[in-house]
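Fold and contact review
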Amino acid sequence: MTAYADFYRRSLDDRDAFWAEQARLIDWQTPPQAVCDWSQPPFARWFSGGTTNLCHNAVDRHLKDRADQPALIYVSSETGEEKVYTFRELHSEVQRAAAMLKALGVRKGDRVLVYMPMIAEAAFTMLACARIGAVHSVVFGGFASVSLASRIEDAQPRLIVSADAGSRAGKVLAYKPLLDEAIRLSSHKPEAVLMVNRGLAPMTMQPGRDHGWTGLGEQHRGAQVPCEWLDAGDISYTIYTSGTTGRPKGVQRDTGGYAVALAASMKHIFAGNAGETYFSTSDIGWVVGHSYIVYGPLIAGMATIMYEGLPIRPDAGIWWSLVEKYKVTVMFSAPTAVRVLRKQDPAFLKKYDLSSLRALFLAGEPLDEPTGRWISDSLGVPIIDNYWQTESGWPILTVANGVEKMPSKFGSPGVPMYGYNVKLLHESTGEELTGANEKGVVVIEGPTPPGFMQTVWRDDERFVNTYWKSIPGKLVYSTFDWGIRDEDGYFYILGRTDDVINVAGHRLGTREIEESISSHPNVAEVAVVGVADALKGQVAMAFVVARDTTALTDDAALLRLEGDIMKQVDGQLGAVARPARVRFVSALPKTRSGKLLRRAIQAVCEGRDAGDLTTIEDPSALQQIRDLLAK
Ligand code: ATP
Ligand code: MG
């Protein structure tokens, strides 16, 4: 057996010993009495009896060895700010923030809603919450009032921390009016609001409720606020899923299991070492930002880059310039960002010294082969696809780079990570599929590993019914993704379980059709949805963003390309998979985290209401499709 295969088997067959070992990667105030308690499935409890603190593990414990090394590197290409905080400075900023939270009445267990742009104060606030045992609920700063209001309603925060504004592509987005409106819309009212003033947008402060970060911070300069020792099972935070398939779910996470899971993943998956620099291009509003901008790298003693801005401003070299300047060793991004870079001049990739970089991890959506190959050829380092969910908190499928250098296969995120008993089940019979290339629902058999969601915030029933009761007769966690496993045990994700179309009795994954279409040289991006059809039940409709539009000046040219693409699908998948139409658009509707909103496209194609669009990035992309269909 290979090194990783052994490692994986041990994580399942000798579970408690395996995770007891991982638990030693972090500091405990009181060591855990038990490792895994699975006496009340599907609620897994990890490290009962242990007390620890995420902030202690991310900050305080590094003071001994690396107080004067960089911890948080804040860079904004929007405002031109750039500031490096050492572990010592971070420690003092976080204590000051913790003192402010306490002064505003925040106690252990209280929720603090964080609605902030990518600024250092956002990280201070998250770590300060962890320090005093408050539960943070970070809401992506790009959301407007209605989305924010529903999250305020759900999280019931005592305090909201925000800022005057964010900035995107040089355009200032004022937050305060949106926040005020959201609080007005919500039936729950926070007792206090703490505002960072970046000097980007004017703010109207509400006396008695609103406080300024700088003014209050002045009063708490040099504050010492010790870490509160929390039970392993105490809640660290809640975070909402992306809302790609429906109403976002409030994912609740513990403290001890999460700390262990992150420490273990930094070692075994990301292979990052203390003293190095980690660069995740995500946003603190998403789970990747929680796990791999804030907590994971810091727990590992790495410096972490927090970047506000676009990948292509001031030019497409900005990220690579940071890799060179801060000697980034491990980088984490998303396929959608790579596609953006691919449309730019490739010379920017050659302009900087990227020799420090050991790997680029990509997650969040399928990594199509052309995009994967392009970035792999351009960077010359391993490109590591990894598959996970807000719910899991850390990768479910990938290659464990720190255990064994396993080869990656294009189109596959890899193999199940240690602790995850991943299976493929038949969607309706629940039968386990063990053969190569059999397609089923990707599920996880309990107990789910440390770091995995504890439950849905304030809704155990929704947790059980949504996630654990979808396969008849089996209590397993459903990812709601389709997958297959090849003869080497590598998984391929074929799309969401609600993304299957049925053409004249043939069940087709939209992802398979998209893969085929995107291998056409003039296709930059594609979305395929199933649309109700009187004759065939459903037909596939494709929406394509062309790479080069210079020749696509008239309808004849568009029709030629459409025919070309159809021929390609015919050749690769067969005529059943051929889309009824291939239409061309300049952008596809996506969530703010870059995921295709297929359900909204499908609804529009079928003349239905597009449903919950709170997480949509650019509503005009959906309008383009409406206009095309109306023509
Ligand atoms: P919601 O659950 O609210 O509909 P969401 O599922 O988009 O939203 P996330 O938790 O952000 O919210 O996304 C997880 C999903 O993203 C996975 O279930 C999978 O469909 C997709 N995904 C993530 N990483 C990958 C990957 N590497 N390859 C393929 N798909 C991926
Ligand atoms: Mg999901």
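Now for a quick tour of the structure.

Basis of the calculations
Residues numbered from 1 in each chain as written. Chains lettered and ligands numbered in written order. Predicted model: local features only at pLDDT ≥ 70, side-chain atom pairs only at ≥ 80, totals over all residues. Heavy atoms only, no water. Helix = DSSP H or I, 4+ residues; strand = E, 2+ residues; numbered from the N terminus. Rg over C-alpha atoms; globule rule 2.2 N^0.38 Å. Buried < 20%, exposed > 50% of the residue type's maximum accessible area, 1.4 Å probe, protein only. Contact = heavy atoms within 4.5 Å. Areas by Shrake-Rupley, 256 points an atom, 1.4 Å probe, with all protein chains shown as cover. Lys, Arg positive; Asp, Glu negative; His and termini not counted. Charge placed at Lys NZ, Arg CZ, Asp CG, Glu CD. Near = heavy atom within 4 Å. Polar contact = N/O pair within 3.5 Å; in protein donor to acceptor, adjacent residues only side chain to side chain. Axes fitted to C-alpha atoms, helices over the stretch in contact; angles between N-to-C directions. Parallel < 35°, antiparallel > 145°, perpendicular 65-115°, else oblique. Nonpolar A, V, L, I, M, F, W, Y, C, P; charged D, E, K, R; others polar. 1 Å grid on protein atoms, 1.4 Å probe; cavity = no way out; pocket = protein on both sides within 12 Å on 5 of 7 lines; lining within 4 Å. Points joined across faces, edges and corners; volume = space filled by probe spheres on them. Arc of directions from axis to C-beta. Pairing = 2+ DSSP bridges. Salt bridge = Lys/Arg side-chain N within 4 Å of Asp/Glu carboxyl O.

1. Digging into the overall build of the protein chain
From N to C terminus, the protein chain includes 20 helices and 32 strands. Relative to a compact globule of 631 residues, whose C-alpha radius of gyration would be 25 Å, the protein chain shows 24 Å and is just as compact. The C-alpha extent of the protein chain, read off along each of the three principal axes, is 70 × 55 × 50 Å. When burial is assessed residue by residue, the protein chain has 61% of its 631 residues classed as buried. Sequence separation of at least 24 residues holds for 69% of the intrachain contacts in the protein chain that already meet a minimum separation of 6. By element, 50% of the accessible surface of the protein chain is carried by carbon and sulfur atoms, the whole surface being about 23,500 Å². Averaging the positions of the 67 positive and the 74 negative side-chain charges in the protein chain gives two centres separated by 2 Å.

2. Considerations on the site of ligand 1
The environment of ligand 1 is formed by 20 residues, the closest being T241, T244, T245, T390 and D481. Backbone polar atom of G364 to a nitrogen atom of ligand 1: 3.1 Å apart, as the coordinates give it. Within the side chain of D385, an N or O atom sits 2.8 Å from a nitrogen atom of ligand 1. Here ligand 1 has 640 Å² of accessible area as a free molecule, and 94% of this is covered by the chains. Elements represented by at least two residues in the shell around ligand 1 include exactly β20 (383-386) and β27 (491-496).

3. Quick word on the packing of helix α1 (residues 3-13) against helix α2 (residues 15-23)
Where α1 meets α2, the closest approach of the two axes is 5 Å, and the angle between their N-to-C directions is 110 degrees. One finds that α1 runs roughly perpendicular with respect to α2. Along its contact with α1, which presents F7, R10, S11, L12 and D13, the element α2 presents R15, F18, W19, E21 and Q22. When its residues are assigned to classes, the contact of α1 with α2 shows four nonpolar, two polar and four charged.

4. Let's talk about the layout of surface pockets
For the second largest pocket, the calculated volume is near 380 Å³. Those elements that place two or more of their residues in the lining of the second largest pocket are α1, β22 (415-416) and β23 (421-425). Per-class residue counts for the lining of the second largest pocket are ten nonpolar, three polar and six charged.

5. Observations concerning α1
Those residues of α1 not exposed but buried are Y4, F7, Y8 and S11. The arc that holds every buried residue of α1, seen down its axis, measures 95 degrees, which confines them to one face. Structurally, α1 contributes buried residues whose contacts are with α2, α10 (256-268), β22 and β23.

6. Some details on the sheet that holds strand β17 (residues 303-308)
Read from one edge to the other, the open sheet built from seven strands follows the order β5-β4-β17-β16-β18-β19-β20, with strand pairing classed as mixed. Of all strands in the sheet, those with a lone pairing partner are β5 (82-86) and β20, marking the two edges. Between one strand and the next, the sheet's axes are offset by a mean angle of 20 degrees, whatever the strand orientation. Sheet contacts for helix α12 (residues 318-326): β4 (70-76), β5, β16 (277-280), β17 and β18 (328-333); angle to β18, the most-contacted strand, approximately 150 degrees.

7. So, the side chain of T52
Structurally, T52 can be placed in strand β3 (residues 51-52). Classification of T52 by relative accessible area gives buried; the value is 0%. Side-chain polar atoms of T52 contact the side chain of N57, separated by 3.0 Å. Excluding anything up to four places from it in sequence, T52 contacts I26, D27, W28, Q29, N57, E228, W229, L230, T255 and G256.

8. Here we look at the pattern of salt bridges
Counting across every chain of the model gives 38 salt bridges. Residue R209 is joined to D210 by a salt bridge in which the shortest nitrogen-to-oxygen separation is 2.6 Å. Of the residues examined, D210 reaches a relative accessible area of 8% and is grouped as buried. The salt bridge involving R608 is made with E606; its shortest N-O contact spans 2.8 Å. Bridged by salt links that share partners, the residues K176, D180, R209 and D210 form one connected network.

9. Points about the environment of F270
For F270, the location among the structural elements is in the loop between α10 and β16. Between the alpha carbons of F270 and G574 there is a distance of 39 Å; along the sequence they are 304 residues apart.

10. Here we look at the side chain of H62
Checked against the element boundaries, H62 lands in the loop between α3 (54-58) and α4 (63-66). A polar contact is formed between the side chain of H62 and the backbone oxygen of N57, at a distance of 3.2 Å. Among all residues touching H62, those that are not within four sequence positions of it are N57, A67, F87, L298, I299, A300 and G301.

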